[in-house]
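Residue-level structure breakdown
Spelled out from the first residue to the last, the chains are:
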Amino acid sequence: VQLQAYGGGLVQAGGSLRLSCAASGRTLNNIVMGWFRQAPGKDREFVAAITWSTVHADSYADFVKGRFSISRDTSKNTMYLQMNSLKPEDAAVYYCAARRSLHGTWWNGDEYDYWGQGTQVTVSS
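Please read all numbers here as calculations on a predicted model, not as lab measurements.

All right, on to the pairing of strand 3 (residues 17-24) then. For strand 1 (residues 2-6) and strand 3, the ladder comprises five bridges, and the chain directions are antiparallel. Directly across from Ala5, in strand 3, lies its bridge partner Cys21. With six bridges connecting them, strand 3 and strand 8 (residues 78-83) associate as antiparallel partners. Following the sheet pairing, Leu19 is matched in strand 8 by Leu81.

Now for the sheet that holds strand 1. Strand order in this open sheet of four strands is 1-3-8-7, and the pairing throughout is antiparallel. The two strands at the open ends of the sheet, each matched to only one other strand, are strand 1 and strand 7 (68-73). Pairs of neighbouring strands in the sheet enclose a mean axial angle of 15°, with direction left out of account. In the sheet, strand 7 pairs with strand 8 via six bridges, with the strands oriented antiparallel. Bridging across to strand 8, Phe68 finds its partner in Met83.

Attention now goes to unusual backbone geometry. Residues other than glycine seldom take positive phi values, yet Asn30 does so here, at roughly 55°. The residue Asn30 is located in the loop between strand 3 and strand 4 (31-38) in this model. Even without being a glycine, Ser85 presents a positive backbone phi close to 50°. Within the secondary structure, Ser85 is located in the loop between strand 8 and strand 9 (92-99).

A few words now on the packing of aromatic side chains. A full pass over the atoms with the stated rule returns four aromatic pairs. Here the aromatic rings of Phe36 and Phe46 are separated by 5.6 Å at their centres, their planes lie at 70°, and the arrangement is edge-to-face. Remark: Phe46 occurs in strand 5 (residues 45-52) and Phe36 occurs in strand 4; sequence separation between them is 10 residues. Comparing Phe36 with Phe46, the two get one shared label, buried.

Rules used throughout
Residues numbered from 1 in each chain as written. Predicted model: local features only at pLDDT ≥ 70, side-chain atom pairs only at ≥ 80, totals over all residues. Heavy atoms only, no water. Pairing = 2+ DSSP bridges. Helix = DSSP H or I, 4+ residues; strand = E, 2+ residues; numbered from the N terminus. Axes fitted to C-alpha atoms, helices over the stretch in contact; angles between N-to-C directions. Phe/Tyr/Trp six-rings, centres within 6.5 Å; stacked < 30°, edge-to-face > 60°. Buried < 20%, exposed > 50% of the residue type's maximum accessible area, 1.4 Å probe, protein only.

Here is the structure:
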């Protein structure tokens, strides 16, 4: 699976951005796709994840609940992250990732098998 993340940019605090992650290379089925982020000097952290199966499920990190929304378009093999009410602390490189198993801990980046190249999100105060 090849993943390409895009849609990052510079936004003022309180603004919105929508990130996209286009997947290619295999039929997407019964997998989990997620977003992670990494700010300079900080560890990578889980943001959100969504299933790519007949059973829909999603998960969010506490710090984005109510502000970010993850979604997918199976016809386009694309995952989205709508980010609203952005804060300066949301600034980071955002990565999309995919894992072959629906089971396990979705917040654990080590369990993901495929990664995109990342897209920079900058939030000005």
